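# Chain and residue survey
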Amino acid sequence: MTASALEWSFNPWRDRPLAAGAGALMTLAVCLVVATLGEPLVVRLVLCLTVLATLSPVLSPAHCRVDDEGVQKRGPFGTVRRPWGALRRAAARPAGLLVSPYARPHWLDPYRGLVLPIPSRGRQALLVELEARLHDHGL
């Protein structure tokens with residue numbers, strides 16, 4: 001089976017502007033608090049970058065791809081790829097599609113699973129296409 005890759009982009013500022021704005025305000029607030037700690041500049045910068053990296057899923061665009069090899073999400077801090085053989089379950093969530101290495105819901109899903117964000121425009125059509133591809137790979 002050689003299907004063409006399914007690719008899409010997600011921009012949180014367009015699709016979830018309230019969440020993106022809240023994430024930006026939270027990042028700014030935490031960085032302002034960190035700035036008042038009196039730590040060396042390098043420590044303050046690292047802490048602020050850590051907060052920014054933690055909140056990056058609600059702040060930065062992502063490019064997703066589903067192909068014959070597996071699923072992939074590319075963001076500002078790199079690419080995360082999961083081969084089909086490592087996946088046991090897929091579940092639609094409000095934020096997108098969760099693919100997980102666990103057959104049933106597991107407490108490690110937020111850490112070991114991968115959420116592929118789905119834009120609100122064309123969401124249903126994309127979910128239908130994803131469901132067909134996931135079914136082809138036993139999910």
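This text gives an overview of the structure that appears in the document. Predicted model only: the values in this text are computed from it and were never measured. (Residues numbered from 1 in each chain as written. Predicted model: local features only at pLDDT ≥ 70, side-chain atom pairs only at ≥ 80, totals over all residues. Heavy atoms only, no water.)

All right, on to the sheet that holds strand β1 (residues 6–10) then. Pairing is antiparallel in the open sheet, where 4 strands are placed in the order β1-β2-β3-β4. Since the sheet does not close on itself, it has two edges, and those belong to β1 and β4 (78–83), each with one partner. Looking at each pair of strands side by side, their axes are set apart by 15° on average, direction ignored. In this sheet, strand β3 (residues 70–75) lies alongside strand β2 (residues 62–66) in antiparallel orientation, the contact comprising 4 bridges. When the sheet's bridge partners are listed, Cys 64 is paired in β3 with Lys 73. With respect to the sheet, helix α6 (residues 123–136) is in contact with β1 and β2, its orientation differing from that of β1 by roughly 140°. (Pairing = 2+ DSSP bridges. Helix = DSSP H or I, 4+ residues; strand = E, 2+ residues; numbered from the N terminus. Axes fitted to C-alpha atoms, helices over the stretch in contact; angles between N-to-C directions. Contact = heavy atoms within 4.5 Å.)

Overall, the coordinates contain 5 salt bridges when judged by the stated rule. Arg 65 serves as the salt-bridge partner of Asp 67, at 2.9 Å between the closest nitrogen and oxygen. Classification of Arg 65 as partly exposed rests on a relative accessible area of 26%. Taken together, the shared-partner salt bridges in this structure form one network comprising Glu 7, Arg 65, Asp 67 and Arg 81. (Salt bridge = Lys/Arg side-chain N within 4 Å of Asp/Glu carboxyl O. Buried < 20%, exposed > 50% of the residue type's maximum accessible area, 1.4 Å probe, protein only.)

Let's shift gears to helix α2 (residues 17–35). Three- or four-residue spacings in an α-helix give side chains the same orientation, since the helix completes a turn every 3.6 residues. Between its terminal C-alpha atoms α2 stretches 27 Å, which fits the 27 Å expected from 19 residues at 1.5 Å a residue. Taken residue by residue, α2 has Ala 20, Gly 23, Thr 27, Cys 31 and Val 34 as its buried positions. Buried residues along α2 cover an arc of 65° about the axis, so they all sit on one side. Exposed and facing more than 90 degrees away from the buried side of α2 are Leu 18, Leu 25, Leu 32 and Val 33. Considering only its buried residues, α2 is in contact with α1 (12–15), α3 (41–54) and α4 (56–59). (Expected span 1.5 Å × (residues − 1). Arc of directions from axis to C-beta.)

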